[in-house]
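# Topology and contacts: notes
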Amino acid sequence: MIIKIAVIGVIVCILITFLKSFSSESVILLELAFAALVIIFLSDKLFDAVERLRDLFNEGETERVIFSALMKGALICLVTKLASDTALDSGNRLASDAIDFSGRVLLLTIAFPFFESVIETATAFLP
């Protein structure tokens, strides 16, 4: 699988190098198409990983809220990285920074159940 992705990635890089002199819009579309193709290639592996994590959390005493927060956080990280890099590649540094900041804020809001759990556990040990 990685060989296929690497070969396609090299081909896309060559095409991007060639297309940069003609059309920057085509470059962005090609980059997004490649990212979508990689996600499609890896979707089975991704779903398997999520199922394994779900099984691990179901075996333990971990709350479903924590698993949900972890999955949302991972998805926010992936989407933020893809969007931010795309904005940066298109030459829009401000949009890239705004996307990064938004992703961090959303991760913070998702982390609140963890913070609450840690605080509850810590206060339970206090006299």
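Everything that follows concerns the structure shown earlier in this document.
What this report covers is the structure whose coordinates are included nearby. Given the structure is predicted, the values throughout are model-derived calculations rather than measurements.

Definitions and cut-offs
- Residues numbered from 1 in each chain as written.
- Predicted model: local features only at pLDDT ≥ 70, side-chain atom pairs only at ≥ 80, totals over all residues.
- Heavy atoms only, no water.
- Helix = DSSP H or I, 4+ residues; strand = E, 2+ residues; numbered from the N terminus.
- Rg over C-alpha atoms; globule rule 2.2 N^0.38 Å.
- Buried < 20%, exposed > 50% of the residue type's maximum accessible area, 1.4 Å probe, protein only.
- Contact = heavy atoms within 4.5 Å.
- Areas by Shrake-Rupley, 256 points an atom, 1.4 Å probe, with all protein chains shown as cover.
- Lys, Arg positive; Asp, Glu negative; His and termini not counted.
- Charge placed at Lys NZ, Arg CZ, Asp CG, Glu CD.
- Expected span 1.5 Å × (residues − 1).
- Phe/Tyr/Trp six-rings, centres within 6.5 Å; stacked < 30°, edge-to-face > 60°.

### A closer look at the overall build of the chain
- Helix and strand content of the chain: 5 helices and 0 strands.
- In sequence order, the chain lays out its α and β elements as α-α-α-α-α.
- Whereas a compact globule of 127 residues would reach a radius of gyration of roughly 14 Å, the chain reaches 20 Å, over 25% beyond that.
- In terms of overall dimensions, the chain has C-alpha extents of about 70 × 35 × 15 Å along its principal axes.
- The 127 residues of the chain split such that 19% are buried.
- Counting contacts in the chain only where the partners sit at least 6 residues apart, residues at least 24 apart contribute 47% of the total.
- Looking at the chain as shown, the accessible area adds up to about 9,600 Å², and 70% of this sits on carbon and sulfur atoms.
- Considering the chain, the positive charge centre built from 10 side chains and the negative charge centre built from 15 side chains are found 5 Å apart.

### What about helix H3 (residues 64-89)?
- If you check H3, its first and last C-alpha atoms are 38 Å apart, about what 26 residues at 1.5 Å a residue would give, namely 38 Å.
- Every buried residue of H3 is listed here: Ile 66, Phe 67, Ala 69, Gly 73, Ile 76, Thr 80, Ser 84, Thr 86 and Ala 87.
- One or two positions beyond H3, positive phi appears at Gly 91, with a value near 90°.

### Notes on the environment of Phe 67
- As for its placement among the helices and strands, Phe 67 is situated in helix H3.
- For Phe 67, a relative accessible area of 8% translates into the label buried.
- Those residues in contact with Phe 67, other than ones at most four positions away along the chain, are Val 50, Leu 53, Arg 54 and Phe 57.

### Brief notes about the side chain of Ser 96
- With respect to the helices and strands, the residue Ser 96 is situated in helix H4 (residues 93-110).
- The class of Ser 96 is buried, set by a relative accessible area of 3%.
- Look past the residues within four positions of Ser 96 in its chain and what remains in contact with it is Ser 84, Ala 87 and Leu 88.

### Here we look at the packing of aromatic side chains
- A full pass over the atoms with the stated rule returns 2 aromatic pairs.
- Ring geometry for Phe 112 against Phe 115: centres 6.1 Å apart, planes inclined by 70°, an arrangement best described as edge-to-face. Residue Phe 112 and its partner Phe 115 are located together in helix H5 (residues 112-125), separated by 3 residues, close to a single helical turn.

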